[in-house]
Amino acid sequence: MLRIRVAKMGARRLLPGKRFLKYTLIVIAFATMVSIGSLAGFFLAYQKGLPRVQAIEDYHPSLITEILSDDGVVVGQFALERRILLRYEEIPPILKNAILAAEDPRFFTHWGIDPIGIVRAMLKNVMAGRVVEGASTMTQQLARMLFLTPQQTYRRKIEEALLAMQIEKNYTKEQILTLYCNQIYLGHGVYGFEAASEFYFGKHAKDLRLPEAAMIAGIVASPGSYSPLVNARLAKLRRDKILARMRDERFIKEDACKAAQGEPIELASPQREVSVAAYFNEEIRKFLEEKYGTQRLYHEGLVVQSTLDFEMQRAAVAALLKGLRDLDKRQGFRKITENVLDAGGEIETYHDVDWDQPFGEGEIRRGLVLDVTDKIAHVKIGNYTSTIDPSAIKWTHRAGFRSVFKAGDIAQFRVTKKDEKNFTCALTLEQVPLVEGALIAIEPATGEVKAMVGGFDFNQSKFNRATQALRQVGSAFKPFIYAAAVDNGIPPTYLLRDEPITFFDKWTGTPWTPHNYDRKYKGMVTMRRALEQSRNVPTAVLLDKIGVEKGVQYAKRFGITSKLHPYLSLALGTSEVTLVEMTSAFSAFPNQGVRVEPRYIRSIKDRQGSILYETQITAREVIPAETAYVALNMMRGVVDRGTATHAKALKRPVAGKTGTTDDYSDAWFIGYTPSLVAGVWVGFDTKKSLGRGEVGARAALPIWIDFVGQVLKEKPVDQFAVPPGVTHARVDRLTGLLAGPACTDVIDEIFVKGTEPNRYCSEEYHGATAIDTDDEETE
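Read on for an overview of the structure. Not measured: the values here are computed from a predicted model. (Residues numbered from 1 in each chain as written. Predicted model: local features only at pLDDT ≥ 70, side-chain atom pairs only at ≥ 80, totals over all residues. Heavy atoms only, no water.)

1. Quick notes on the overall build of the chain
We count it as follows: Secondary structure is summarised from DSSP: a helix means a run of H or I of at least four residues, a strand means a run of E of at least two, and numbering begins at the N terminus for each. Note on classification: 1.4 Å probe, protein chains only; a residue is buried when its accessible area is under 20% of the maximum for its type, exposed when over 50%, partly exposed between these limits. By the convention used here, residues are in contact when the closest approach between their heavy atoms is within 4.5 Å. Areas reported here follow the Shrake-Rupley algorithm with a probe of radius 1.4 Å; residue values treat only the protein chains shown as occluding.
Counting its regular elements, the chain contains 22 helices and 27 strands. Going through the 779 residues of the chain one by one, you find that 51% of them count as buried. Long-range pairs, those at least 24 residues apart, make up 69% of the contacts in the chain between residues at least 6 apart in sequence. With an accessible surface of roughly 36,900 Å², the chain has 54% of that area assigned to carbon and sulfur atoms.

2. A look at helix 13 (residues 310-330)
Let me state the cut-off plainly: In this analysis, the expected span of each helix is defined as 1.5 Å times one less than the number of residues it contains. As used in this structure description, the phrase polar contact means that two N or O atoms lie within 3.5 Å; if the pair is within protein, one of them must be able to donate a hydrogen and the other to accept it, and residues adjacent in sequence are counted only when both atoms belong to side chains.
Between its first and last C-alpha atoms helix 13 spans 31 Å; for 21 residues at 1.5 Å apiece the expected length is 30 Å, and the two agree. A distance of 3.1 Å separates the backbone nitrogen of E311 from a side-chain oxygen at the start of helix 13, and that oxygen is part of D309. In the stretch just after helix 13, G332 is the one whose phi turns positive, near 115°.

3. Digging into the sheet that holds strand 12 (residues 449-453)
This is how the line gets drawn: At least two DSSP bridges between two strands are needed for those strands to be called paired. Fitting a line to C-alpha atoms yields each axis, with helices limited to the stretch in contact; the angle taken between N-to-C directions then spans 0 to 180 degrees.
Sheet architecture is open: five strands sit in the order 12-11-25-24-23, paired in antiparallel fashion. Each edge of the open sheet carries a strand with a single partner, namely strand 12 and strand 23 (655-660). In this sheet, adjacent strand axes meet at a mean angle of 5° when their direction is disregarded. Examined bridge by bridge, strand 11 (residues 436-442) and strand 25 (residues 677-683) share seven bridges and lie antiparallel to one another. Residue L439 lies in a different strand from strand 25, and its bridge partner there is V680. Running over the sheet, helix 13 touches strand 11, strand 12 and strand 25 and is turned about 30° from strand 12. Contacting strand 11, strand 12, strand 24 (666-672) and strand 25, helix 21 (residues 701-712) runs over the sheet at an angle of about 145° to strand 25.

4. Overview of the sheet that holds strand 21 (residues 611-614)
Pairing in this open sheet of five strands is mixed, and the strands run 2-1-5-20-21 from one edge to the other. Of all strands in the sheet, those with a lone pairing partner are strand 2 (74-78) and strand 21, marking the two edges. Going across the sheet, the axis of each strand differs from the next one's by a mean of 15°, ignoring polarity. Bridge analysis of strand 1 (residues 65-68) against strand 2 gives four bridges, and the strand direction is antiparallel.

5. Remarks on the environment of G332
Positionally, G332 belongs in the loop between helix 13 and strand 6 (364-372). Under the relative-accessibility criterion, G332 is labelled partly exposed at 23%. For the pair G332 and H397, spaced 65 residues apart in sequence, the C-alpha separation works out to 8.3 Å. Discounting residues that sit within four places of it in the chain, G332 has contacts with W395 and Q431.

This is the structure in C-alpha cells:
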C-alpha cells in the first residue's frame with residue numbers, strides 16, 4: 001500500500017512539468033508561425049511594389065546606330081549609350097572567367113543571392129572598419145541596373161535581393177550572364193563588354209587576351225577610377241588583382257597569372273573624336289532624325305547602309321586638307337600666338353593631349369619649341385625631340401629661326417621621319433589654314449555619293465560647304481550654256497565674236513560690258529576654243545543668241561535648284577549654287593545625258609535586321625545622249641588644251657571645267673571620268689580674295705587631281721561611251737572648217753549628226769579668221 005501511494009504521489013509531481021513542456025512547444029510553434037507569417041507578409045509587402053521580372057522579355061537596351069560604308073566598314077555611330085550586343089556563345093571563356101572572378105565566383109551555384117559572399121564581405125568590412133567589398137551578386141547588379149536606382153538604402157537592397165531571386169527563377173544562368181554582359185557600364189559612355197573591347201583595345205571581345213579581359217572585368221567595380229584612360233596605375237593594380245582572383249578560383253594557373261601581371265597595359269590608339277566622314281555622317285544624321293525622331297536615332301540601333309566608299313573618302317580628306325594647307329602657305333606665314341611661357345606654364349612640365357595619341361610619318365601634331373637660336377631650333381612632341389633645319393620653315397620666307405619661333409611656342413608640325421629607337425623625328429612647320437574648301441564625288445550611273453568633305457575641320461565648323469554653301473560658280477557654269485547651244489543645233493565649230501562689246505541687258509535695264517580674264521580678244525573663235533580657254537565675251541554672245549530664259553531652263557534641267565537670275569551675266573556664273581548641285585549636274589555628261597538624283601543611303605534596317613527604308617535610283621534624261629557626248633568632248637578639250645591641262649597627268653580620259661569668280665574669291669573645278677564625277681570648291685566663308693592668280697586651275701584643280709589620281713590609280717583605264725547619234729570630222733581648230741591643205745592645226749571634232757561643216761578651210765579664209773592664235777590658259 002505504501003509503495004503504491006508513493007508512486008502516485010511521484011506521478012502527480014511530474015504533471016506540471018509535462019504541462020510546461022507542452023505549453024512551451026505551443027508557444028514556440030505559435031511564435032514560429034507568427035514569424036513566418038510576419039516574414040511572409042514583410043516580403044509580400046516589398047514584392048507588391050516590385051516590377052515583374054518578366055518585363056525583361058520586352059526589354060530593349062539602347063543600341064548604337066551605325067553607318068556602314070558600301071563595303072561594310074563602320075564610318076559613323078550615333079548613341080547616348082555605346083552598346084553592341086553579344087550572344088552567350090560569343091562571350092569567350094577567358095572573359096567569362098574574368099568577370100566571374102571579379103564580381104561573382106559562385107554565380108553558377110547560387111540562387112540570386114550569395115550567403116557566403118555576404119558573410120565574407122561583412123567580415124572584411126568589419127575588420128577594415130569601412131566598406132571594402134560588396135556582396136551583390138551579378139544577378140543583383142542586373143536587377144539594380146534594369147529595375148532599380150543606384151541609391152544606397154536598406155529598402156533597395158531588399159528589393160534587389162527579391163528581384164534577383166525572381167530573375168533566377170524565371171531565367172537560365174546563360175540568359176542572365178548575357179544580359180549582364182550587355183548592360184554593364186564600363187566608362188566613357190560605353191556599355192557592355194563588346195563595345196568596351198572595341199573602345200579600349202580595338203578588337204572584338206572574342207579576340208581579347210588574358211590581361212585585356214582581366215582589365216575590362218576590373219573596370220566594372222568603378223569605371224571612374226579603374227578606366228586606364230582615367231588612371232593607368234590604378235587600372236593596372238586592379239587588373240593584377242583580378243588575375244590573382246582568377247588564379248585563386250582556379251580559372252588560370254600560377255605561371256599564366258604571373259605572365260599576364262607582368263605585361264603593360266597596351267590600349268588601342270584613342271579614336272579621333274571626329275570620323276573621317278564627319279560631314280557625310282551629319283547629312284545622314286539629319287535625315288534619320290527628321291524621318292525617325294531623336295529616340296529611334298539614338299536608342300534603337302539602326303543600321304544604315306550608306307553609299308560612301310571608305311577609301312575614296314580617306315583620299316578625299318587627304319587631298320582637300322593638303323590643297324588647303326598648300327594654298328594657305330602661299331598666302332603667307334602668320335605669327336604663332338600660343339606660348340606656354342606666356343601663359344604662365346613651364347616648358348619642363350608641359351604635356352599636350354595631342355601627345356597621348358601615337359603618331360606616324362606624314363601625320364601632323366602639335367609641338368613645343370624648347371629653345372631657339374638664329375640657326376637652329378629644338379622641338380618636342382611627346383617623348384620625341386627634333387632638331388629643326390632651315391628647310392622646315394622655308395615656305396615662311398623668313399630669315400632665321402628667331403623670326404619664326406620663340407621658346408615655349410606651340411605650333412603644328414608635320415612628321416616627315418620618325419626614329420623609334422632614338423626617339424627623334426624630323427619635322428616641317430605647318431599652320432592651320434584660314435581658307436576653306438569642299439569636295440564631293442558621285443558615281444554618275446547610280447547617283448551614289450562616294451565621298452564628301454564639307455570643310456577643313458568638322459570640329460571647327462559643322463557648316464557643310466558641299467551641301468549648304470551657296471557660292472558663285474564662275475566659268476564652271478559655262479558647260480550648261482554650251483550644251484544648250486549644241487542641243488539647239490549649234491556645232492562646236494560655230495564661230496563666236498570675241499571682241500569688246502556692250503549689251504543692253506533687257507532683264508536689268510542697264511548696259512553690260514563683259515571682259516575676258518586676260519583682257520585680250522581673239523576676234524572670232526570657235527565655240528570649242530571659247531569653252532576650252534574659258535573666254536567670257538564669246539560665252540555672253542552665245543547666251544544672248546540662244547536666249548537667257550533658255551539658258552536658265554537648261555540649267556534647271558541639269559538639276560540646278562538654286563535661284564538663277566535671268567541676266568546675261570549668268571553666262572559668267574554670277575548666280576550662287578551649291579557644290580553638290582553642280583557636281584550632280586555634271587554627272588549627266590558622262591552618263592549619256594541622264595542625271596541620277598544624288599543619294600547617300602542604300603537602306604536602313606532596325607535592330608532585328610528588318611528593312612525600314614530602301615532607296616531607288618531616280619533618273620531623268622536631261623539632254624539627248626549625242627548632245628551630252630559632244631559637250632563632254634568639248635570639255636575634254638579643256639583638259640587637253642585649255643585651262644585644266646594639268647589633269648592630263650592622270651593619263652586617262654578626263655573632262656571638266658574650271659571656275660573662278662571676281663577678285664579670286666571662289667575657285668572651282670568639276671571634272672569627271674567615265675565612272676566618277678567630282679567637284680572641288682575653295683574659298684573663304686566670307687567673300688574675300690584668295691590672292692592674285694588663285695584661279696580654279698591653281699587652287700581647286702590640284703586637289704581634284706590628287707583625289708582622282710589616288711582613287712583610280714589601281715583601276716583599269718575606261719573610255720567614255722560613244723552614242724550612235726554622233727559623227728566626227730577632221731577640222732581646222734581655228735576656223736572650225738573641214739581641214740584642207742592649208743591647215744596646220746587640225747583636230748578630230750565630234751558633231752551631232754547633221755551639224756558637221758561642209759566647207760573646207762582655204763588659206764585665205766584661214767588667214768583672215770585667225771586674228772590671234774595665241775592659246776594662253778585663261779580663266
